[in-house]
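Summary of structural features
Single-letter residue listing:
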Amino acid sequence: MEPKSGQRRRRRRAHTAEEAAATLRKAWCRLRLSARDPARVPPWDAVVLTAASPEQAALYNRQLARARSLGRFPASTAAIAVPDPDGARIGSGAATLHAVASLVRHLAAQASKEESVELLTEANGCSGDDAALAAAVSFMANKHVLLLHAGGDSKRVPWANPMGKAFLPLPYLAGDNPDGPVPLLFDHILAISSNARQAFKNQGGIFIMTGDVLPCFDASNLVLPDDAGCIVTVPTTLDVASNHGVVVASKDGIDQENYSLCLVDNLLQKPTVSELVEGQAILDDGRALLDTGIIAARGKAWRDLVTLAYSSSQSMIKELMTSKKELSLYEDLVAAWVPAKHEWLRNRALGKELIAALGSQRIFSFCSYDFTFLHFGTSAEVLDHLAGSYSGLVGRRHMSSLPETTACDIAATAIILSSKISAGVSIGEDSLVYDSSLCGRVRIGSQSIVVGVNIHDFQGHGSQIIRNSTCFTLPDRHCLWEVPLVNSVGRVLVYCGLHDNPKVTIERDGTFCGKPWRNVLGDLRIQDKDLWNSTNQAKCLWNARLFPVMSLHEMLNVGMWLMGSACDLDGKIASQWRKSQRVSLEELHRAIDYKQLCMDASKHQADLAADIAKACMNYGLLGRNLFQLCEEILQKDACLEVCKELLSFSPSHGDEYSAVIPQSRGYQVKMDLLRACGDLSTACMVEEKVWASIASETASAIKYGSKVLNRSHPFIEPSSHAVSSNNGNLHPRKAFVELPVRVDFVGGWSDTPPWSLERPGCVLNMAISLEGSLPVGAMIETTEDHIGVSIEDDADRNVYIDDLASISSPFKENDPFRLVKSALIVTGTLGHKILSKSGLKIRTWANVPRGSGLGTSSILAAAVVKGLFQVMEDDESDDNVARAVLVVEQIMGTGGGWQDQIGGLYPGIKCTQSFPGQPLRLQVVPLLASPQLVHELEQRLLVVFTGQVRLAHQVLQKVVTRYLRRDSILISSIKRLAELAKIGREALMNGEIDELGGIMLEAWRLHQELDPFCSNKFVDELFAFADPYCCGYKLVGAGGGGFALLLAKNLSCAKELRQALDESTSFDVKVYDWNIVMPRG
């Protein structure tokens, strides 16, 4: 890193949709990894939300429970919502201290026996309060906490009040998981923050964010200084800076291409241009550093914060409540870390206490030049982020029930989430409908928001107040939402204009439904006193008693009148409205029945999932993820009955869909439904049929399926057509086959059945020698001294089999000779005439470590198959052998794909594609590499054995199961791997080895998405060690251990990395000498 010597001019630009999608996908991958394998990818120790009231805290705790059930964080992560004391307004700084103190007490209460002993040990020698404080600080010192400020009443996004603004729907990347729940803003914030967790390394700390901002940046690049605070900043124009907090950073510090890290010299709040100039806040390029609201404290700064919170937060908050003052996080608390602010801070409430407690540490500015933040502060901003430059990220139809297009009018740009829309409904452009049921003649205008609304067909239902009305109409640019009230009072329908600011008064031209209040009062012929009780009360939308508690149909009619979309010529609506019980937005905020709200939403989503699952079973081809849908259905009380009904729809063999639905998929659906119904024993029996079906489908997809003479195998039909010719001469024969191993750059998993039987695949790999030799081989020869088969391997294990009928699958998993036995079956050798007059002696070897990931098992099978074909004088072409090995893998039960044998049989670098069909087609395209490319690749690519033993079979079963369930994230990941193989081929053809490194990195991330256990802590540390030297790295094969590929940035880095690994005492690895095995001639 280079010191700053005057700031370089940088142009921060907004992310494109593609860049934002890549950033979010990377963050989501890290979030899922931390939940699935927290030992390897550390999650937050605690996630804490601040809330404005106990009721809001209870809602947030339910939302946190939902997040945990969806795998957003593991069981080890504590998750709590902390309300401000007595619902008082104490400010974000005091709320932070109160939340930290509450978390300490919560974690201490949940502490294990071992942790409790540590607490007592730390307190030993202290007395009373000092002992408790010392224990608390020591206990929290190594904890990593995410704190999200989510309290408040969301006046500018009033429809989000019932759910909490942090939990509003944000369907970015929703299409990646179409059968999962709608992603929320909170989910995306969690994903982004999960990347920041690694910046804390071995020091505990806190990471503070706000609940209405999505910071779109790669937080894995975040650098946090030791024992200090840190505030994330971005350069911005002066017009923006003058309305927000500005950070004045030191001219000295660390300056990198994507960020700078400098001490904070000063803080300014909504400064004028002259104040920016005087405070030296303007950068060389004419911009200023904007405070993003993201604050971290690490090491000693974190310990100081815990000490202050645990020892003094209660007394400080009591003083604030008495004086009716607030303590700001961004103005007051952070200022304690900035010496230039101390004089100002001493004159603020509790300022001296903050300086005494925190002032010994400093705060840094981490300025990101690759940062976009999306603020969800108003309803209009929410729609802008859905319809603007990031619209390509939005899933517009998600977990919803929609009628045919000729029965309704729904704009293509409308966003329908977790909703049921019936015939006759119209929804305009760029509108958002969430968690709702709309039935009958309902018209939703353009750029409108509808949340939690349940409208039944109200034509002819009860007395029609509005004569001649045939439908309910929500005008353009309006918001409509419905909430239950406490004490079973009923439900209330609420509405306002998209751009209404509920805080703006009549005197300041406040609006309702987009019209000035004076116009509204005149048009509706109502008076101020109808809406506001006191003449001293500020008259605004927030406290206007507008919304009547009536029957739904009455509320709809009154609503149209209030919004101006219906007339009231005879005054009956106005009269009914005046007589009704009415509530304001302010009163509504305190009267929501949050428990009922959550129950209703859960039931609604379970019903939708059930309807989608039934449609999939009745009318579709089982293309949805029924396993995931059942998880949603199981949230409902009557879930078992629904799952049993779905089970009754399971396809049977011989029905109309059996020709188009693979048996393996049908059995997987049945198994998942049986598990959902609680019938685990039957599910286990069906699971065996799943794997047998995959093997059968693989055999059927290649030409060997009908040519095997072994009657005992359950999925192979006996035939009079043998693989080999039975007319060969019986003179002694001998075959000697040596093959290279393969290393794969990208595309693995797209070659594996059942994927390769149903979808195209593509793999980029190459054949290599190790330590100057071809490491895999087989020798097969006929013998005159016995009639039978003798098998010997390189571990000096041997077996003689004189009863050839005993060679029958399935084989035991611990049978060391099952590979050779399977090859004998598949090649038809057991039925060949050669074994009637002589015997066979088969010797195999593989001079590579066990569990290498170099495709050794499949390549050894290829060597044996090729040798057997040679002995039988049959077709030993590489294509023929590759197909045979695919069946060998299935008979063995390892279930591998075609890339390993292709990698070993065909020399050089090649890009191989497969095309599903009968038979499966393989197209091997050699890469015509120049001598310069070969030389550079051999010099820059390190082939390293990690010493970690891996078993591909265990990883494969998990991945195949997810595929059979139609897991959309897995499917999109494998599609991307196949696409990257083609991109990688082009990169190599053009000599772009650095680009290949980037492809390897993305492939490695995708492999971890497929299965988090494809890596481990040792491998992660190895890659972190190699990262400064490399442009790319990954494990070969399915991962989990074995060999790693480390692609150095240049020849010098390759030499330095090899030397560093040789000299390292932390990594007991071996760097192999290798060469590409090029085609002969």
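Residues numbered from 1 in each chain as written. Predicted model: local features only at pLDDT ≥ 70, side-chain atom pairs only at ≥ 80, totals over all residues. Heavy atoms only, no water.

1. Remarks on the overall build of the chain
Heads up, the rule is: Secondary structure counts use DSSP, requiring at least four H or I residues in a row for a helix and at least two E residues in a row for a strand, with both numbered from the N terminus. Radius of gyration here uses only the C-alpha atoms, and the compact-globule reference equals 2.2 Å multiplied by the residue count raised to the power 0.38. When checking whether two residues touch, look at their non-hydrogen atoms; a contact exists if any pair is within 4.5 Å. In short, Shrake-Rupley with a 1.4 Å probe defines the accessible areas, and a residue's cover is counted only from the protein chains shown. Residues counted as positive are Lys and Arg, residues counted as negative are Asp and Glu, and His and the chain ends are not counted. To locate a charge, take NZ of a lysine, CZ of an arginine, CG of an aspartate or CD of a glutamate.
Scanning the chain from terminus to terminus reveals 35 helices and 44 strands. For the chain, whose C-alpha radius of gyration is 34 Å, the value lies close to the compact-globule estimate of 31 Å for 1081 residues. Overall, the chain is about 115 × 75 × 60 Å in size when its C-alpha atoms are taken along their principal axes. Counting contacts in the chain only where the partners sit at least 6 residues apart, residues at least 24 apart contribute 71% of the total. For the chain, the accessible area works out to roughly 43200 Å², and carbon and sulfur atoms hold 48% of it. Averaging the positions of the 109 positive and the 121 negative side-chain charges in the chain gives two centres separated by 3 Å.

2. Some words on the side chain of Arg298
Rules: Relative accessible area decides the class of each residue, using a 1.4 Å probe on protein chains only: under 20% of the type maximum gives buried, over 50% gives exposed, and in between gives partly exposed. By the criterion applied in these results, polar contacts are pairs of N or O atoms within 3.5 Å in which, for protein atoms, one can donate a hydrogen and the other can accept it, and in which residues neighboring in sequence qualify only through two side-chain atoms.
With respect to the helices, strands and loops of the structure, Arg298 is situated in strand β11 (residues 288-298). A relative accessible area of 4% means that Arg298 is categorised as buried. For Arg298, the side chain forms a polar contact with the main-chain oxygen of Leu224, separated by 2.8 Å. When residues no more than four places from it in sequence are discounted, the contact partners of Arg298 are Ala199, Phe200, Lys201, Asn202, Gln203, Gly204, Gly205, Leu224, Pro225, Asp226, Asp227 and Ala228.

3. Examining the confidence of the model for the chain
For clarity, the threshold we go by: Confidence scores per residue from the predictor, reported as pLDDT, run from 0 to 100.
Taken as a whole, the chain shows an average pLDDT of 89; of its residues, 92% reach a score of 70 or greater. In this model, residues 1-7 is a region of pLDDT below 50 whose contacts with residues beyond four sequence positions or in other chains number 21 contacts. Here residues 704-730 scores under 50 on pLDDT; set against residues more than four positions off or in separate chains, the count is 59 contacts.

4. Thoughts on the packing of aromatic side chains
As a reminder of what qualifies: Put simply, two rings from Phe, Tyr or Trp (the six-membered ring, in Trp's case) pair if the centres are within 6.5 Å, and we call them stacked under 30 degrees between planes, edge-to-face over 60, tilted for the rest. Ring-over charges, as used throughout, are those where CZ of Arg or NZ of Lys falls within 6 Å of the ring centre and within 35 degrees of the ring normal.
Taken as a whole and judged by the stated rule, the model has 21 aromatic pairs. Ring geometry for Phe1018 versus Phe1067: centroids 5.7 Å apart, planes at 70 degrees, classification edge-to-face. Of this pair, Phe1018 sits in helix α34 (residues 1017-1026) while Phe1067 is found in the loop between α35 (1051-1063) and β43 (1070-1072), placing the two residues 49 residues apart along the sequence. Considered together, Phe1018 and Phe1067 belong to a single accessibility category, that of buried residues. Three or more aromatic residues joined by ring pairs form one cluster here, namely Trp44, Phe200 and Phe207. Above the face of the Trp577 ring, Arg582 is positioned so that its terminal group lies 4.1 Å from the ring centre. When the ring centre of Phe627 is taken as reference, the NZ or CZ atom of Arg965 above it lies at 3.7 Å.

5. Quick word on the environment of Ala349
Take Ala349: it is sitting in the loop between α11 (342-346) and α12 (351-358). On the accessibility criterion, Ala349 (23% relative accessible area) is partly exposed. Each C-alpha atom, one on Ala349 and one on Ser312, is 14 Å from the other, the two residues being 37 residues apart in sequence. Leaving out residues up to four positions away in the same chain, Ala349 has contacts with Leu320, Lys325 and Leu327.

6. Some thoughts on helix α16 (residues 552-563)
Stated formally: Residue count minus one, scaled by 1.5 Å, sets the expected span of a helix.
Compared with an ideal rise of 1.5 Å per residue, which puts 12 residues at 16 Å, α16 spans 16 Å between its outermost C-alpha atoms and is within 8% of the ideal. Across the 12 residues of α16, 11 count as buried, placing the element largely inside the fold. Looking at α16, one finds that the buried residues are Leu552, His553, Met555, Leu556, Asn557, Val558, Gly559, Met560, Trp561, Leu562 and Met563. Phi turns positive, to about 85 degrees, at Gly564, one or two residues after α16.

7. Focus: the nonpolar core
Here is the rule we go by: We define the nonpolar core as a collection of buried residues of types Ala, Val, Leu, Ile, Met, Phe, Trp, Tyr and Cys that are connected through side-chain atoms lying within 4.5 Å of one another.
Leu49, Trp159, Tyr172, Phe207, Trp481, Trp517 and Leu546 are the most contacted members of the largest nonpolar core, which totals 140 residues. Ranked by the residues each element gives to this core, the list is headed by α16, at eight residues. Sequence-distant contacts of Leu49, defined by excluding residues within four places in its chain, comprise Tyr60, Leu64, Ile80, Ala81, Val82, Leu148, Ala150, Phe167 and Phe186. Of all hydrophobic cores here, the second largest spans 114 residues; its members include Ala701, Val776, Leu964 and Ala981.

8. What to know about the sheet that holds strand β17 (residues 420-421)
Defined as follows: Strand pairing is defined by DSSP finding a minimum of two bridges between the two strands.
With parallel pairing, the three strands of this open sheet are ordered in space as β17-β20-β23. The open sheet terminates on both sides in strands that have one partner only, identified here as β17 and β23 (454-455). Bridge analysis of β17 against strand β20 (residues 437-438) gives two bridges, and the strand direction is parallel. By the bridge assignment for β20, Lys420 is matched with Ser437.

9. What to know about the packing of helix α25 (residues 818-826) against helix α27 (residues 856-871)
As a reminder, the rule being used: A fitted line through C-alpha atoms represents every axis, and for helices the fit uses only the stretch in contact; the resulting angles, taken between N-to-C directions, go from 0 to 180 degrees. Here roughly perpendicular refers to angles of 65 to 115 degrees, roughly parallel to angles under 35, roughly antiparallel to angles over 145, and oblique to all remaining angles. Crossings are assigned a handedness: left-handed for a near helix turned anticlockwise from the far helix by less than a right angle, right-handed for a clockwise turn. For this classification, the nonpolar set comprises Ala, Val, Leu, Ile, Met, Phe, Trp, Tyr, Cys and Pro, the charged set comprises Asp, Glu, Lys and Arg, and every other residue, Gly included, is treated as polar.
The interhelical angle for the contact between α25 and α27, taken along N-to-C directions, is 45 degrees, at an axis separation of 10 Å. What the angle tells us is that α25 and α27 run oblique. For the element pair α25 and α27, the recorded crossing hand is right-handed. Note on element contacts: α27 touches α25 through Ser857, Leu860, Ala861, Val864, Val865 and Leu868, opposite Leu819, Val820, Ala823 and Leu824. Of the residues in the contact of α25 with α27, the class split is nine nonpolar, one polar and no charged.

10. So, the state of the cysteines
This is how the line gets drawn: Any two cysteine sulfur atoms within 2.5 Å of one another count as a disulfide.
One pass over the structure, following the stated rule, counts zero disulfides. With no disulfide partner, Cys216 has as its closest neighbouring cysteine sulfur the one in Cys29, 16 Å distant. The exposure class assigned to Cys216 is buried, which follows from its relative accessible area of 1%.

11. Examining the pattern of salt bridges
Here is the rule: By definition, a salt bridge exists where a carboxyl oxygen of Asp or Glu is found within 4 Å of a side-chain nitrogen of Lys or Arg.
Counting across every chain of the model gives 40 salt bridges. Salt-bridge contacts for Arg348 lead to Asp332; the nearest nitrogen and oxygen are separated by 2.9 Å. A residue pair is termed long-range when its members are at least 10 positions apart, and Arg348 in the loop between α11 and α12 and Asp332 in helix α10 (residues 329-333) qualify at 16 residues. On the basis of relative accessibility, which here comes to 32%, the residue Arg348 falls in the partly exposed class.

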